[in-house]
Amino acid sequence: MSVVREIDLTQEEIMLMIDTSVEAQLAGKKNPLLVLGMPGFGKTDLITKDYPEWKHDRGSSYLGLDNPKVGVFTIILARQDSTDFEIPAADLKEMTLRKLSDGNILGISEASEGYDIVLVFLDEASSADTDTLIAVQSIVQSGEMSGKKKAPHCVYISAGNRPEDLSGAKHLPASTNDRFTVVNLAPSIDRWLDWAKRENLDPRIIGAIMWGKSNGKNLLYRQPKERGEIFPTGRSYERFDCAIKGGATENILEVYGSGNLGDQVWIEVKGFFKMSNELPYIDDIIDDPEGAKLPGEIDPTNGPSGQYVIATGIARWLQEKKENEVHVETREASSLMKYFDRMSPEIAIYGVNLCADVNREAITMNKEFTKFMDKHRDVTLYTGNKKIFNEYDV
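We now turn to the structure provided with this report. (Residues numbered from 1 in each chain as written. Predicted model: local features only at pLDDT ≥ 70, side-chain atom pairs only at ≥ 80, totals over all residues. Heavy atoms only, no water.)

1. Overview of the pairing of strand S6 (residues 117–123)
To keep things clear, this is the line we draw: Think of it in three bands: residues with accessible area under 20% of the maximum for their type are buried, residues over 50% are exposed, and the middle band is partly exposed, with areas taken using a 1.4 Å probe on protein chains only. A run of DSSP states H or I qualifies as a helix once it reaches four residues; a run of E qualifies as a strand once it reaches two. Both are numbered from the N-terminal end. Between any two strands, pairing holds if DSSP finds at least two bridges.
Of all 7 residues in S6, 7 are buried, a share of seventy percent or more. Taking every second residue as pointing to the same face, both faces of S6 are buried, with Ile117, Leu119, Phe121 and Asp123 on one and Val118, Val120 and Leu122 on the other. Bridge count for S6 against strand S9 (residues 154–160) is 5 bridges, and the pairing is parallel. Counted as the bridge partner of Val118 is Cys154 from S9.

2. What to know about the layout of surface pockets
Take a probe with the size of a water molecule and roll it over the atoms, and the empty space left behind shows itself. Convention followed: Only protein atoms enter the 1 Å grid used here. Points where a 1.4 Å probe fits but cannot escape make up a cavity, open sets with protein on both sides within 12 Å along at least five of seven lines make up a pocket, and a residue lines them when an atom lies within 4 Å of a point. Grid points are joined across faces, edges and corners, and a volume is the space filled by probe spheres set on the points. Each residue receives one of three labels: charged for Asp, Glu, Lys and Arg, nonpolar for Ala, Val, Leu, Ile, Met, Phe, Trp, Tyr, Cys and Pro, and polar for the others, Gly being one of them.
The computed volume of the largest pocket comes to approximately 1,100 Å³. Along the walls of the largest pocket sit 41 residues, with Gly42, Asp45, Leu46, Asp50 and Trp195 positioned nearest its centre. If you list the elements that add at least two residues to the lining of the largest pocket, you get helix H1 (11–26), helix H2 (43–58), helix H5 (189–198) and helix H7 (234–245). For the lining of the largest pocket, the element with the most residues is H2, which contributes 9 residues. Tallied by class, residues from the lining of the largest pocket come to 11 nonpolar, 12 polar and 18 charged.

3. So, the pattern of salt bridges
Our working rule: Salt bridge, as used here, is a side-chain nitrogen of Lys or Arg placed within 4 Å of a carboxyl oxygen of Asp or Glu.
Inspection of the entire model under this criterion finds 16 salt bridges. Notably, a salt bridge pairs Glu6 with Arg162, separated by 2.6 Å at the nearest N-O pair. In this pair, Glu6 is assigned in strand S1 (residues 6–7) and Arg162 in the loop between S9 and helix H4 (174–179), connecting sequence segments 156 residues apart. For Glu6, a relative accessible area of 41% translates into the label partly exposed. Taking relative accessible area as the criterion, Arg162 reaches 3% and is therefore assigned buried.

4. Digging into the packing of aromatic side chains
What counts is decided by this rule: Here a Phe, Tyr or Trp ring, Trp counted by its six-membered ring, pairs with any other such ring whose centre lies within 6.5 Å, and the pair is stacked when the planes are under 30 degrees apart, edge-to-face when over 60, and tilted otherwise.
Tallied over the full model, the rule gives 8 aromatic pairs. The interplanar angle of 65° and the centroid separation of 5.2 Å between the aromatic rings of Tyr308 and Tyr350 together place this pair among those described as edge-to-face. With Tyr308 in helix H11 (residues 303–323) and Tyr350 in helix H13 (residues 345–358), this pair connects stretches of sequence that are 42 residues apart. Tyr350 sits in the buried class, given a relative accessible area of 1%. The structure contains a cluster of three or more aromatic residues connected by ring pairs, namely Trp192, Trp195 and Tyr237.

Written as structure tokens, this is what we have:
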């Protein structure tokens, strides 16, 4: 197991954590960060995509810049050997000592020009061989390589998997733990859901994850028990979404579901998909939103599961309307909003939010949406970090 306990942070807290390291390094302090976590939950994107955008908006107190431009240079340590960082090694074929160097690691290459901050991202650190890791941490600690000093605006952030994830990662040597701030970052369902909505993943995938969460099941991340076991991650759901959007047949979806999520999780997700696809409720809801059947009215134990399925199905219906460029009538949208208002508040908010993401114009441009927003204004969204529909000033 990892020697550092797992910690769950919000997106904003992760950005602040990275920024603490970056600002300290800009000020000349030796404070590089190493983020550990299970495969496929977005460590690389957090560091190489989300942080540069966040930093541009946040500014740099040390540099005195309101909108610093961050350039990211990625070095995959698992693909390097110590000679790549000017540690000499024997080339038995040529019978010579060879040295390789990478100007990017010092932030002095031509490609780094024009950036206010050069972030050197050292990926797959825990899968690198020991000699490579020691060579790299020496450069990070000293700030130079073979007499060449790193650029003043060059900073280092590293990432890797954990040994318990059975992904080929090794325990970090004591010297690495001594030179980096090591953080064992927990995968976050809420953070991934926020990303999935932005990337427009199929609403049924989002609904299945939410349904699992509401029932105490984590369908998004499961740690493997043995080598070779297929297990779900955020990355595997992204591949599964590609199959859906590619028009895969039922048999092909079976292959992609099992091959990306593992048999156990796929069975549960497939069951949710089947309910979502087979419930004939849209016409009834539009025609009679106050009288249409609502899961939980007869048997309360069926309420959460059934309402998640219906909410997800409505979002899928709106998404298909938008994809096919079919106009959603005001009467239809108003009926959907009236039906949502009958659901439990948490699921109703989830459903309306999801519908607004897939077809904003259709669901928000009616009086019933305004009423709903006013009624639930103080209830947090399922992401847990923002108030309901802050962006809708209606």
